[in-house]
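# Structural overview for review
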Amino acid sequence: MVRSNQKPHLVLLSAPAHLQPVIELGKRLVTCQDVKVTIIVASFVQSAPAESRMVQAALATKLFDVIHLPPADICNLVEPGDKGITSLSAAMHVVKPDFQAAILGLETLPTALVVHVFAIECLGIADELKIPKYVFVSTNAWFLATIVYTPVLDKEVEGEYADKKEPFALPGCSSIRAEDLPDPMLLRTKANYREFLKIGIEIPKADGILVNAWEELQPKTLASLRDGNLLGGVVKAPIFPVGPINSEGSSALKSELFDWLDKQTTDSVLYISFGSMGGLSLEQMLELAWGLELSQQRFIWVVRPPIEKPGSGSVPKFGNIGDDMSSYLPEGFISRTRDKGVIVPQWAPQVEILSHPSCGGFFTHCGWNSAIECITNGLPMIAWPLYAEQRMNATLLTEEMGIALRSETLPSKGVVGREEIEKMVRKIFVDEGGRQMRARVKELKLSAETAWSNGGSSYDALAKMVKHSQKKAIEIDV
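First things first, this report covers the structure right here in the doc. All figures in this text were calculated on a predicted structure; none of them were measured in a lab.

Membership of the largest hydrophobic core comes to 103 residues, with the highest contact counts inside it found for Phe99, Leu144, Ile300 and Leu397. The residues contacting isoleucine 300, other than those within four sequence positions of it, are Leu257, Trp260, Leu261, Val269, Leu270, Tyr271, Ile272, Val342, Val344 and Ile353. One finds Leu25, Val242, Ile245 and Leu462 within the second-largest nonpolar core, a separate group that totals 31 residues.

A side chain of one charge can pair with a side chain of the opposite charge if their charged atoms are brought near each other. Going through the model one piece at a time under the given rule, you end up with 18 salt bridges. Among the ionic pairs, glutamate 121 bridges to lysine 198, the shortest N-O distance being 3.3 Å. Residue glutamate 121 is located in the loop between strand S4 (112-116) and helix H4 (125-129), and its partner lysine 198 is located in helix H6 (residues 191-202); the two are separated by 77 residues in the primary sequence. Residue lysine 198 is classed as partly exposed on the basis of its relative accessible area of 37%. A salt bridge links arginine 440 to glutamate 443; the nearest nitrogen and oxygen atoms lie 3.3 Å apart. Residue arginine 440 and its partner glutamate 443 are both found in helix H16 (residues 432-451); the two are separated by 3 residues, about one turn of the helix. For glutamate 443, a relative accessible area of 48% translates into the label partly exposed. Salt bridges linked by common partners bring Arg177, Glu179, Asp180 and Glu399 together as one network.

Spatial ordering of the open sheet is given by S3-S2-S1-S4-S5-S6-S7, a layout of 7 strands whose pairing is parallel. Bordering the open sheet on either side are strand S3 (65-68) and strand S7 (239-241), each of which pairs with just one other strand. Looking at each pair of strands side by side, their axes are set apart by 20 degrees on average, direction ignored. In the sheet, strand S2 (residues 36-41) pairs with S3 via 4 bridges, with the strands oriented parallel. Of the residues in S3, the one forming a bridge with isoleucine 39 is valine 66.

Here the structure, examined in full by the defined rule, presents 0 disulfides. Of all cysteine sulfurs in the structure, the one in cysteine 75 sits closest to cysteine 122, which takes part in no disulfide; the separation is 20 Å. Residue cysteine 122 is classed as buried on the basis of its relative accessible area of 0%. Here cysteine 374 stays unpaired: no disulfide links it, and the sulfur of cysteine 359, its closest cysteine neighbor, is 7.2 Å away.

Bringing the sheet that holds strand S10 (residues 341-345) into the picture now. The 6 strands lie next to each other as S10-S9-S8-S11-S12-S13, forming an open sheet whose pairing is parallel. Looking along the sheet, the strands with just one partner apiece sit at the ends: S10 and strand S13 (404-406). Pairwise comparison of adjacent strand axes, ignoring direction, gives a mean angle of 20 degrees for this sheet. With 3 bridges connecting them, strand S11 (residues 359-364) and strand S12 (residues 381-383) associate as parallel partners. Counted as the bridge partner of phenylalanine 363 is isoleucine 382 from S12. Relative to the sheet, helix H15 (residues 418-429) contacts strand S8 (269-273), S11, S12 and S13, its axis offset from that of S11 by approximately 145 degrees.

Okay, the environment of valine 466 next. Structurally, valine 466 can be placed in helix H17 (residues 457-477). Its relative accessible area of 4% is what places valine 466 among the buried residues. For the pair valine 466 and arginine 440, spaced 26 residues apart in the sequence, the C-alpha separation amounts to 33 Å. Excluding residues that lie within four positions of it along the chain, valine 466 makes contacts with Pro8, Leu29, Gln33 and Val35.

Another aspect to go through is unusual backbone geometry. Glycine aside, residues mostly have negative phi, and peptide bonds are mostly found in the trans state. Geometrically, the link from glycine 243 to proline 244 is a cis peptide bond, its omega value of -5 degrees lying close to zero. Topologically, proline 244 is positioned in the loop between S7 and helix H9 (256-262). The phi angle at alanine 17 is positive, at roughly 65 degrees, despite the residue not being glycine. Inspection of the secondary structure puts alanine 17 in the loop between strand S1 (9-13) and helix H1 (19-33). Owing to a relative accessible area of 57%, alanine 17 belongs among the exposed residues under this scheme. Phi is positive for aspartate 267, which is not a glycine, with a value near 60 degrees.

The rules behind the values
- Residues numbered from 1 in each chain as written.
- Predicted model: local features only at pLDDT ≥ 70, side-chain atom pairs only at ≥ 80, totals over all residues.
- Heavy atoms only, no water.
- Core = buried A, V, L, I, M, F, W, Y, C linked by side-chain atoms within 4.5 Å.
- Buried < 20%, exposed > 50% of the residue type's maximum accessible area, 1.4 Å probe, protein only.
- Contact = heavy atoms within 4.5 Å.
- Salt bridge = Lys/Arg side-chain N within 4 Å of Asp/Glu carboxyl O.
- Helix = DSSP H or I, 4+ residues; strand = E, 2+ residues; numbered from the N terminus.
- Pairing = 2+ DSSP bridges.
- Axes fitted to C-alpha atoms, helices over the stretch in contact; angles between N-to-C directions.
- Disulfide = S-S within 2.5 Å.

These figures come from the coordinates and say nothing about function on their own.
Laid out in structure tokens, this is it:
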């Protein structure tokens with residue numbers, strides 16, 4: 001039974017490889033709304049060590065309790081060619097009994113459940129507990145619009161979406177071109193598409209939807225998701241735009257890299273990283289290196305071994321991590337660019353680099369977390385989408401928001417030449433078009449700050465979500 005004076009206790013469930021946004025949402029709930037939060041973590045066996053480190057860092061904040069469920073072993077449940085959403089759904093199916101047991105074992109039972117969109121397999125547990133249920137979409141509102149409208153497209157469109165020449169209309173939103181569709185929609189016969197479709201069917205069953213955007217960032221799409229004559233007629237549940245939800249990093253980091261950054265002028269350094277799963281072919285790495293050198297601009301490049309297949313693309317298989325970096329960069333590149341750039345193997349503290357005053361742009365794979373980090377630091381982007389929903393993110397950032405550039409050739413379709421890379425880099429830092437993008441993204445940075453100020457749109461949306469959950473809990477209890 002939920003008492004009207006009971007302090008709200010929200011349980012947040014992450015999906016494997018999608019923990020950080022859930023942790024950051026938990027921080028917002030505790031610090032802005034004074035609710036009790038318990039985060040329950042699902043992980044793959046192979047990703048468990050990395051997520052354990054995130055759990056320890058989250059526990060150190062002493063803001064909430066964190067329970068790390070036994071990692072899911074799905075090696076016998078998913079075909080080798082069916083990665084992505086199929087793997088996520090399989091993992092959530094495996095951990096579901098442990099998740100239910102963890103909730104029932106809590107000292108204080110939850111008053112509401114919030115599941116990451118890729119953990120939606122567990123949404124129905126809220127019905128068994130007789131508590132309200134919410135979905136957290138950690139990417140943008142256009143992605144939410146696409147996934148909830150996919151069940152409609154599934155009935156209306158014959159054949160493969162990828163073969164269609166005309167863009168797909170989303171009521172009240174920007175239409176989406178076939179080449180920008182999220183990966184699961186590219187092959188309708190695959191398990192990934194069936195899981196994507198299932199998520200689109202399940203989302204409207206929630207009592208509410210939280211999305212990692214804010215009113216001023218995507219007003220048109222959010223309006224459609226609320227309008228009963230447009231996408232609101234499909235979604236039905238209330239929408240709570242609570243973005244930007246992103247990590248703020250640490251200001252105390254010290255290293256040779258930051259010593260170097262401290263010596264550079266404001267807005268002068270390009271940061272290049274393609275995320276934990278983004279890979280380039282050897283040919284593309286060479287062209288990128290030449291393009292950077294030709295541009296004569298300063299850079300920090302997080303370099304990983306090239307992927308072992310031609311072209312750039314999704315689900316890469318990387319080369320030997322122990323390889324000497326000079327073996328897959330142009331001969332003499334590292335020595336020739338020593339005064340201009342820094343090569344970092346494997347990983348770099350991205351949040352801290354992007355927030356440094358010397359950082360002036362981001363060459364990015366367009367994962368939404370990275371895009372949000374860029375916007376909140378007022379940095380223009382070179383969009384280099386590779387997999388998942390990154391192509392639609394790139395289109396959103398370039399065509400709708402006007403804060404990014406992209407190559408004429410899709411990086412996932414072919415090799416982008418050094419001349420085009422040089423041109424894009426110089427446009428960000430030298431040309432008038434770059435100055436206009438910088439001014440626009442700084443406007444969005446300000447809107448993001450305003451959204452989370454007391455009385456701002458996201459601050460208020462989170463408050464409304466908590467109040468909605470309290471009201472809903474009482475209704476269910478009756």
